[in-house]
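Structural overview for review
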Amino acid sequence: MKTTTAPAIGTVPGQHPSNAPSKPPSSLAARAFAVQQAFTRLTGDVHPLRAIAGAAGLDDATTHRILQTGVGDGVFEQVGRGRYRLGTSTARAGVQAMAHSPGAASTHSVLERLHRATGGLALLYVLAPFGGAKRLCTDYVIGDMDPAEVGMSAEDVVSVSRSLRTGASGRVILAHLPRSIQDLVLAEEVPPTAGPGVIRDNDALAATLDEIRRLGFGVGRQECMPGWDSVAAPVHWHDSIMGAVLMLKRSTEMPTDLRPLIFHTLKAAESISELTTSPVAAAI
């Protein structure tokens, strides 16, 4: 199991010091955004005033004024005495932004090219935070293969394939999420029907996240189901993780030299990432 350590001196429990602001924001607007962003640096959902102030790099009084103003606008919600969480206005803003993500026609053509180039199954997973940090397959290209040949049951689809703990695409997405979200995912149980290659040790899993960020891709060996290996690369919207492109191939058909498969998977992920910032291309 993953070990825990005591907070560093001068930090607030639940706050990750490496993510804290280096200096207090100067303008009023910057302070308000700092308070909102503080929730992404804290573990869990509901937080006390002091923890939020520490993560934002502000004093308690300033943070309290910003939170109370935001409560009135639905940006924050007050839960009990002196405890807060992000409000529905924040969620609506996220939905509005996501509505301008690439269209299905554009992403599907990218997956078709990946399928032709590699001979493997090509899938697009997106981050689906509702109900916990999960992934959701929104598009795929499998050629003339019968979906039953993949060998996944309905239970697998709604458990193993959704978990960010399992599979190259899950770990690629997880590697680019805030530390607070990573901790929540690492605290989850490994799906019981995961493949024989699933990484059960939290320290070993965390080490792969560092490697994924360094290399820019992830490789899975029978993590989600027996007999299937994979390569995955992240899809970004500027500096925010949106999902991952997954190339899935039978273990017996995976070449010794993975570089061609990695190249084409990275290229597909980069193409979809570019679509997120190109409204004209996304509308074609």
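Residues numbered from 1 in each chain as written. Predicted model: local features only at pLDDT ≥ 70, side-chain atom pairs only at ≥ 80, totals over all residues. Heavy atoms only, no water.

1. As for helix α9 (residues 202-215)
Residues lying three or four places apart along an α-helix face the same way, a consequence of the helix completing one turn every 3.6 residues. Spanning 14 residues, α9 covers 20 Å between terminal C-alpha atoms, matching the ideal 20 Å at 1.5 Å per step. What α9 keeps buried is the set N202, L205, A206, T208, L209 and I212. All buried residues of α9 fall inside an arc of 155° around its axis, so they share one side. Where α9 begins, the side chain of D201 points an oxygen toward the backbone nitrogen of D203, at a separation of 3.1 Å. Just beyond α9, the residue with positive phi is G216, at close to 95°. (Helix = DSSP H or I, 4+ residues; strand = E, 2+ residues; numbered from the N terminus. Expected span 1.5 Å × (residues − 1). Buried < 20%, exposed > 50% of the residue type's maximum accessible area, 1.4 Å probe, protein only. Arc of directions from axis to C-beta. Polar contact = N/O pair within 3.5 Å; in protein donor to acceptor, adjacent residues only side chain to side chain.)

2. Things to note about the side chain of H47
With respect to the helices and strands, the residue H47 is situated in strand β1 (residues 47-48). Given the relative accessible area of 4%, H47 is considered buried. Once residues within four sequence positions are removed from consideration, H47 is found in contact with F39, L42, I52, G82, R83 and Y84. (Contact = heavy atoms within 4.5 Å.)

3. Observations concerning the pattern of salt bridges
In the structure shown here, the tally under the stated rule is seven salt bridges. Across the pair R171 and E223 runs a salt bridge, and its minimum N-O distance is 2.6 Å. Placement of R171 in helix α7 (residues 167-175) and of E223 in the loop between β6 (218-221) and β7 (228-237) is noted, with a sequence separation of 52 residues between them. In terms of burial, R171 and E223 fall into one category: buried. (Salt bridge = Lys/Arg side-chain N within 4 Å of Asp/Glu carboxyl O.)

4. What about the side chain of K134?
With respect to the element layout, K134 can be found in strand β5 (residues 134-141). K134 has contacts with V126, L127, A128, R162, L164 and E188, leaving out every residue within four places of it along the chain.

5. Quick look at the pairing of β6
The two faces of a sheet get side chains in turn, since along a regular strand they alternate between them. Residues of β6 alternate between two faces, with G218 and G220 buried on one and V219 and R221 left unburied on the opposite face. Two elements, β6 and β7, share four bridges in a ladder whose sense is antiparallel. Paired with G220 across the two strands is S230, which belongs to β7. Remark: six residues form the turn of the hairpin made by β6 and β7, two consecutive strands paired antiparallel; Q222 in that turn has positive phi of roughly 50°. (Pairing = 2+ DSSP bridges.)

6. Focus: the confidence of the model for the protein chain
For any part of a model where pLDDT is low, the fine detail of the predicted coordinates should not be relied upon. Summing up the model confidence of the protein chain, the mean pLDDT is 81 and the portion of residues at 70 or higher is 77%. Helix α11 (residues 279-283) is the least confidently modelled element of the protein chain, averaging 44 in pLDDT, while β6 averages 96, the highest of any element. In this model residues 1-19 is a low-confidence stretch, pLDDT under 50, and it forms 29 contacts with partners more than four residues away in sequence or in other chains. A low-confidence stretch, residues 280-284 (pLDDT under 50), is modelled with seven contacts involving residues beyond four sequence positions or located in other chains. (pLDDT = per-residue confidence, 0-100.)

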